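# A structural walkthrough
The chain contents come next:
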Amino acid sequence: MKSINWNKKGLIFEPDSNLYWSKTHSMIPTPIRISEKTLRVLFSGRDDSNRSHIGYFDFDLQDQKIINKSQDPILSPGALGCFDDNGVTPSCIKKIGDKYFLYYIGWNPGSTVRMHLFGGLAISKDFKKFDRFSRAPIIERCKTDPYLNTAPWVVKNKDIYVMYYVSGYEW
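## Topic: the nonpolar core
- Leu42, Phe127 and Phe130 are the most contacted members of the largest nonpolar core, which totals 16 residues.
- Residue assignment for this core shows that the elements contributing at least two residues are β3 (52-60), β5 (87-96), β6 (99-109) and β7 (115-124).
- Sorting elements by how many residues they give to this core places β6 first, with three residues.
- Ignoring sequence-local partners within four residues, the contact set of Phe127 consists of Ile32, Arg40, Leu42, Tyr56, Ile74, Ile93 and Tyr100.

Set out below in structure tokens:
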């Protein structure tokens with residue numbers, strides 16, 4: 001197996017306090033190649049209420065610089081009471097056919113535990129606006145995963161897509 005030699009580049013992106021949705025944090029960088037020389041990196045920024053929104057920046061791989069960034073979030077927290085009403089954070093982005101499938105972490109405050117975390121899905125044709133697949137999570141609690149099911153990561157394995165995710169079986 002060939003080893004990879006990494007070169008430390010330092011900070012390449014930081015939050016923009018002028019944007020209401022990205023005052024602090026640039027969490028969970030989630031890349032997708034949009035051209036031969038451009039990488040789009042989704043991230044989660046936080047607003048004044050500490051709720052996460054998803055935006056992106058485009059990075060030129062040749063010139064090693066940011067060439068574009070979203071001024072508005074592509075996905076914001078869900079409706080009050082939904083699994084993602086306190087924030088959304090990217091975990092995986094896939095282009096399948098002519099659509100982009102954004103798998104994300106939905107944040108919902110708990111009362112006896114700090115936070116409930118579940119996986120969601122939003123879909124877009126143009127990458128400007130993502131629509132939720134459902135107001136409910138795509139991975140729900142079950143007998144074997146009764147606490148949280150989040151951070152979906154999807155890979156294609158031959159002719160099928162397989163999802164990996166984070167789960168918890170105790171606090």
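## Focus: the pattern of salt bridges
- Evaluation of the coordinates by the stated rule reveals seven salt bridges.
- Lys129 is the salt-bridge partner of Asp131, the closest N and O atoms lying 2.3 Å from each other.

## Examining a nonpolar patch on the surface
- Side chains of Tyr147, Tyr169 and Trp171 sit close together on the surface and give an oily, nonpolar patch of about 420 Å² of accessible area.
- In this structure Trp171 comes out as exposed when scored by relative accessible area, which is 59%.

## Digging into empty space enclosed by the protein
- Overall, the coordinates contain one cavity of 30 Å³ or more when judged by the stated rule.
- Space inside the largest cavity adds up to approximately 30 Å³.
- Contributing to the lining of the largest cavity are Phe13, Asp16, Leu19, Trp21, Ser22, Phe43, Lys69 and Ser70.

## Structural notes on the pairing of strand β10 (residues 160-168)
- Sheet analysis places strand β9 (residues 148-157) next to β10, joined by eight bridges and oriented antiparallel. Bridge pairing in β10 links Lys156 to Tyr161.
- Counted along the chain from β9 to the antiparallel partner β10, the turn is two residues long, and its residue Lys158 has a positive phi close to 60 degrees.

## Details of the packing of aromatic side chains
- Evaluation of the coordinates by the stated rule reveals eight aromatic pairs.
- With 5.6 Å between their ring centres and 85 degrees between their planes, Tyr56 and Phe127 make a pair best called edge-to-face. Here Phe127 lies in the loop between β7 and β8 (131-132) and Tyr56 lies in strand β3, a separation of 71 residues in the sequence. For the pair Tyr56 and Phe127, a shared accessibility class is recorded, and that class is buried.
- Taken together, a centroid distance of 5.3 Å and an interplanar angle of 90 degrees make the contact between Phe127 and Phe130 edge-to-face. Note on accessibility: Phe127 and Phe130 belong to one class, buried.
- Over the ring of Tyr56 we find Arg40, and its NZ or CZ is 4.1 Å from the ring centre.

About the thresholds
Residues numbered from 1 in each chain as written. Predicted model: local features only at pLDDT ≥ 70, side-chain atom pairs only at ≥ 80, totals over all residues. Heavy atoms only, no water. Core = buried A, V, L, I, M, F, W, Y, C linked by side-chain atoms within 4.5 Å. Buried < 20%, exposed > 50% of the residue type's maximum accessible area, 1.4 Å probe, protein only. Helix = DSSP H or I, 4+ residues; strand = E, 2+ residues; numbered from the N terminus. Contact = heavy atoms within 4.5 Å. Salt bridge = Lys/Arg side-chain N within 4 Å of Asp/Glu carboxyl O. Patch = residues over 30% accessible without salt bridge, like charges linked within 9 Å, V, L, I, M, F, W, Y side chains within 5 Å. Areas by Shrake-Rupley, 256 points an atom, 1.4 Å probe, with all protein chains shown as cover. 1 Å grid on protein atoms, 1.4 Å probe; cavity = no way out; pocket = protein on both sides within 12 Å on 5 of 7 lines; lining within 4 Å. Points joined across faces, edges and corners; volume = space filled by probe spheres on them. Pairing = 2+ DSSP bridges. Phe/Tyr/Trp six-rings, centres within 6.5 Å; stacked < 30°, edge-to-face > 60°. Lys NZ or Arg CZ within 6 Å of the ring centre and 35° of its normal.

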